[in-house]
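Given next are the chains, with one letter for each unit.
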Amino acid sequence: MAITLTETQVTWPTAANSKSVAAGGNETSEEFNLDATCVAAQISLKADNSTTPAADDQIYVWLIQTSGDPDGAGTDEFDTVGHAELLAVLDTNDEDPAGMTVPLPIPQKGAKLYAEGVTAGTTNAITVSATITEQRAA
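What counts, and at which threshold
Residues numbered from 1 in each chain as written. Predicted model: local features only at pLDDT ≥ 70, side-chain atom pairs only at ≥ 80, totals over all residues. Heavy atoms only, no water. Helix = DSSP H or I, 4+ residues; strand = E, 2+ residues; numbered from the N terminus. Rg over C-alpha atoms; globule rule 2.2 N^0.38 Å. Buried < 20%, exposed > 50% of the residue type's maximum accessible area, 1.4 Å probe, protein only. Contact = heavy atoms within 4.5 Å. Areas by Shrake-Rupley, 256 points an atom, 1.4 Å probe, with all protein chains shown as cover. Pairing = 2+ DSSP bridges. Axes fitted to C-alpha atoms, helices over the stretch in contact; angles between N-to-C directions.

## A look at the overall build of the protein
Broken down by element type, the protein carries zero helices and nine strands. The order of α-helices and β-strands along the protein, N terminus first, is β-β-β-β-β-β-β-β-β. A compact globule built from 138 residues should have a C-alpha radius of gyration of about 14 Å, and the protein, at 16 Å, falls within 12% of that. A principal-axis box enclosing the C-alpha atoms of the protein has dimensions of 50 × 40 × 25 Å. Buried residues in the protein amount to 36% of all 138 residues. The long-range share in the protein, meaning contacts at least 24 apart out of those at least 6 apart in sequence, stands at 81%. With an accessible surface of roughly 7000 Å², the protein has 49% of that area assigned to carbon and sulfur atoms.

## What about the environment of aspartate 48?
By secondary structure assignment, the location of aspartate 48 is in strand E4 (residues 38–49). Residue aspartate 48 is classed as partly exposed on the basis of its relative accessible area of 32%.

## Here's the deal with the sheet that holds strand E6 (residues 85–91)
Where strands meet in a sheet, backbone hydrogen bonds hold them as pairs that are either parallel or antiparallel. Pairing is antiparallel across the open sheet formed by four strands, whose spatial order is E3-E8-E5-E6. What marks the edges here is a single partner per strand, and that holds for strand E3 (26–28) and E6. Taking each pair of neighbouring strands and ignoring which way they run, the sheet shows an average axis angle of 20 degrees. Pairing between strand E5 (residues 58–66) and strand E8 (residues 110–116): seven bridges, direction antiparallel. Looking across to E8, one finds that glutamine 65 is bridged to alanine 111.

In structure tokens:
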């Protein structure tokens, strides 16, 4: 059995590698899926302020997961944002850019990132990006 590491870029609408979160706004990534042979995964998150950071320039990153179709209605349903798992708070006033790597829970059918500055009431636009490293056994 071979053990490998594979990196996958998280993309944002229109397959962009990063997304600018407007002041006090939010953005949701495109869906990503871990490989069936994945035995462990982590995600590296980055927040880069567009200008000189203000005290409230923090991005909260939430993991929105799906395990499929809980009510059998025919489509996958994702966690609601209010019940999603908080992965990290990236404070660009403390460090700019701010980066953090955290473990991802497995398994899940699919997931998305929800990055928001609403909770902190961000003053400036902050660009977010992420990449996933999977350890696979096949």
